Amino acid sequence: MQTSQKLTSDPTNTALTPLPAAQRSFGFTDHAALWFSLGVGLLVMQIGAYLVPSVGPQQAALVIVFGSVLGAGLLAWTAKLGCETGLASSGLMHATYGSSFARLPVLLNIVQLVGWTTFELVVMRDGAAAIAKQAGFAAAWLPFAATLVLGGVLVLLSYGSMVKLVRKFIGRYGLPLVIASLVWLTWQFLGKANAQGLSAIWNKPGTGAMSTMQALDLVIAMPISWLPLVADFARHGMGGKAGGNNAFRATWLGYAVANIWCYSLGVLIAITTPSTDLVVALLLAQGGLIALGLILIDEMDNAYGDVYSGAVAGHSLKSRWSVRHIAVGMAVVCTALAMVLPMHALEPFLLMLSSVFVPLYAVILARLVGKPDVASLVSERQVNYSAVLVWFSGVVTYHALANLAPAYGAAIPTLVLTFLAAKLTSDKAVAQRAAA
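Computed from a predicted model, the values in this text were never measured in an experiment.

Notes on the overall build of the protein
Scanning the protein from N- to C-terminus turns up 19 helices and 0 strands. Against the 2.2 N^0.38 benchmark of 22 Å for 436 residues, the protein shows a C-alpha radius of gyration of 22 Å, consistent with a compact globule. Expressed along its principal axes, the backbone C-alpha trace of the protein runs to roughly 70 × 45 × 40 Å. Counting across all 436 residues of the protein, residues that qualify as buried make up 55%.

Dropping the structure here:
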């Protein structure tokens, strides 16, 4: 137990100790604005566009609403846990899996976040290059210059305060501009759909290349990708039961609305403006240049969210390194990777890592929600073998379903089965069965 006691008794390791009440300032509006903003992005629209023509518009609408509500609900549940305990995501991992073993999922989370940050920079770079090309300016060195500029902005943001960024920029200025751009683009592409025959488009059948459950996996993939980050932000919410409920409702509402809107917009763009490049399709819309520019600005907070959360996770492993310094270093590394890595080779690796976090958080939610004094569990044991076994079994289940029964989906069955297994094998459940 010496190692675990050292981890939690170190007052400089803020990731493994509850955030003091004096440092918590997020209310309902802050949580909602943050998660609406993080839910908006070109990547979300692109994945929405993948749904058609494999499934028809009616089927797409159904899975978008159901998958977004379910996925955002998981985020909200984790946000409530983070807000009520004051623990970061790495703290929740320590409390669930044991202080020694938790280093593995924390490291995997950092690797995942480096990958997602790199991907975000590439998405923004390609969008900026497309805007420049539309304006009549194109050069071979432009993508590299754009990557350096965007990486520089990310480094500057990493020097600042996350709380001030959320409360002063996203809530007051960024969010209204992004909503305006989404409204404008929705109006433009709905106009195109109406001109092409709205009824015919709505009733158009899909090709059947993707089952309903596979389409649902595709929708739920984005909210699930945020699960390892949500507590890092939610712990800044005002504490107590009321604060936890605020974090729960606001996170659910903010992210569900953004996810439904962006996925639906992606489907609408794909149907009305067939193109292999979503950015080009957006630029073809009237006022699309301005709207795309605003969305790209908002995309930066997604990259910042990844960097900030990765820095908090890194701080949990090396408390002598401050969150700010780790964030700056991570931003520099991701900028360098965005300059050289072929993104088509990186995506399968990111998707594989995402499959790891579906069962990981099913176990965390099953074991910690409703448990009193979760913070004391951070140093309770070095390895919680039952939690580790259930997590590993969940990862195997996910890949088995994805490969052997893809038509039934993998994410939702894995979540349900892993959650139930974690509940049934918890210390409380085992003790109750022994007493009976």
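From this point, things continue past the structure.
Things to note about the packing of aromatic side chains
One pass over the full model with this rule turns up 14 aromatic pairs. Relative to Trp261, the ring of Phe36 lies with its centre 6.3 Å away and its plane at 70°, an arrangement referred to as edge-to-face. Linking Phe36 in helix α2 (residues 28-39) with Trp261 in helix α12 (residues 240-272), this pair joins segments that are 225 residues apart in sequence. Taking the relative accessible area as the measure of exposure, Phe36 reaches 8% and is therefore buried. With relative accessibility at 23%, the residue Trp261 sits in the partly exposed group. What links up through ring pairs into an aromatic cluster is the set Trp35, Trp226, Phe233, Tyr255, Tyr304 and Tyr308.

What about the nonpolar core?
In terms of nonpolar packing, the biggest core is built from 135 residues, with Trp35, Leu51, Tyr97, Leu182 and Ile364 touching the most fellow members. In terms of residues, this core owes the most to one element, helix α14 (residues 288-317), which gives 13 residues. Not counting the four nearest positions on each side in its chain, Tyr97 is found in contact with Pro359, Leu360, Val363, Ile364, Gln382, Val383, Asn384, Ala387, Val388 and Trp391.

Describing the side chain of Asp301
Note that Asp301 resides in helix α14. The residues contacting Asp301, other than those within four sequence positions of it, are Ser37, Leu38 and Ile170.

Comments concerning α2
Along its 12 residues, α2 runs 16 Å from first to last C-alpha, staying within 8% of the 16 Å computed at 1.5 Å per residue. Across the 12 residues of α2, 10 count as buried, placing the element largely inside the fold. Along α2, the positions that sit buried rather than exposed are Asp30, His31, Ala32, Ala33, Leu34, Trp35, Phe36, Ser37, Leu38 and Gly39. Contact partners of the buried residues in α2: α3 (42-50), α4 (57-85), α8 (162-196), α11 (227-234), α12 and α14.

Re the confidence of the model for the protein
Taken as a whole, the protein shows an average pLDDT of 87; of its residues, 92% reach a score of 70 or greater. pLDDT under 50 marks residues 1-9. Its contacts with residues more than four places away, or in other chains, come to 18 contacts.

Describing the side chain of Asp30
The residue Asp30 is located in helix α2 in this model. Here Asp30 is in contact with Ser25, Val166 and Arg167, once residues within four sequence places are set aside.

Here's the deal with helix α7 (residues 142-159)
Between its terminal C-alpha atoms α7 stretches 26 Å, which fits the 26 Å expected from 18 residues at 1.5 Å a residue. Within the sequence span of α7, burial applies to Leu142, Ala146, Thr147, Leu150, Gly151, Leu154, Val155 and Ser158.

Some points on the pattern of salt bridges
With the rule as written, the count across this model stands at 2 salt bridges. Note that Lys80 and Glu84 form a salt bridge whose closest N and O atoms lie 2.8 Å from each other. Linking Lys80 with Glu84, this pair stays in helix α4, spanning 4 residues, or about one helical turn. Between Arg125 and Asp126 there is a salt bridge, and its shortest N-O distance comes to 3.3 Å. Take Asp126: its relative accessible area is 40%, and that puts it in the partly exposed class.

Notes on the packing of α3 against α14
Two elements in contact, α3 and α14, have axes separated by 9 Å at closest approach and are oriented at 110°. When the axes of α3 and α14 are compared, the pair comes out roughly perpendicular. Of α14, the residues touching α3 (which contributes Leu42, Leu43 and Met45) are Leu292, Ile295, Leu296 and Glu299. Per-class residue counts for the contact of α3 with α14 are 6 nonpolar, no polar and 1 charged.

Points about a nonpolar patch on the surface
On the surface, a cluster of nonpolar side chains totalling about 240 Å² of accessible area is made up of Phe28, Leu253 and Val257. Secondary-structure assignment places Val257 in helix α12. Under the relative-accessibility criterion, Val257 is labelled partly exposed at 36%.

Thoughts on unusual backbone geometry
With omega at 5°, the peptide bond leading from Val52 into Pro53 counts as cis. By secondary structure assignment, the location of Pro53 is in the loop between α3 and α4.

Let's talk about the environment of Leu175
Counting through the fold element by element, Leu175 comes out in helix α8. In this structure Leu175 comes out as buried when scored by relative accessible area, which is 15%. The spatial distance from the C-alpha of Leu175 to the C-alpha of Ser37 is 6.4 Å, given a sequence separation of 138 residues. Filtering out sequence-adjacent residues up to four positions away, Leu175 remains in contact with Ala33, Phe36, Ser37 and Ile170.

What counts, and at which threshold
- Residues numbered from 1 in each chain as written.
- Predicted model: local features only at pLDDT ≥ 70, side-chain atom pairs only at ≥ 80, totals over all residues.
- Heavy atoms only, no water.
- Helix = DSSP H or I, 4+ residues; strand = E, 2+ residues; numbered from the N terminus.
- Rg over C-alpha atoms; globule rule 2.2 N^0.38 Å.
- Buried < 20%, exposed > 50% of the residue type's maximum accessible area, 1.4 Å probe, protein only.
- Phe/Tyr/Trp six-rings, centres within 6.5 Å; stacked < 30°, edge-to-face > 60°.
- Core = buried A, V, L, I, M, F, W, Y, C linked by side-chain atoms within 4.5 Å.
- Contact = heavy atoms within 4.5 Å.
- Expected span 1.5 Å × (residues − 1).
- pLDDT = per-residue confidence, 0-100.
- Salt bridge = Lys/Arg side-chain N within 4 Å of Asp/Glu carboxyl O.
- Axes fitted to C-alpha atoms, helices over the stretch in contact; angles between N-to-C directions.
- Parallel < 35°, antiparallel > 145°, perpendicular 65-115°, else oblique.
- Nonpolar A, V, L, I, M, F, W, Y, C, P; charged D, E, K, R; others polar.
- Patch = residues over 30% accessible without salt bridge, like charges linked within 9 Å, V, L, I, M, F, W, Y side chains within 5 Å.
- Areas by Shrake-Rupley, 256 points an atom, 1.4 Å probe, with all protein chains shown as cover.

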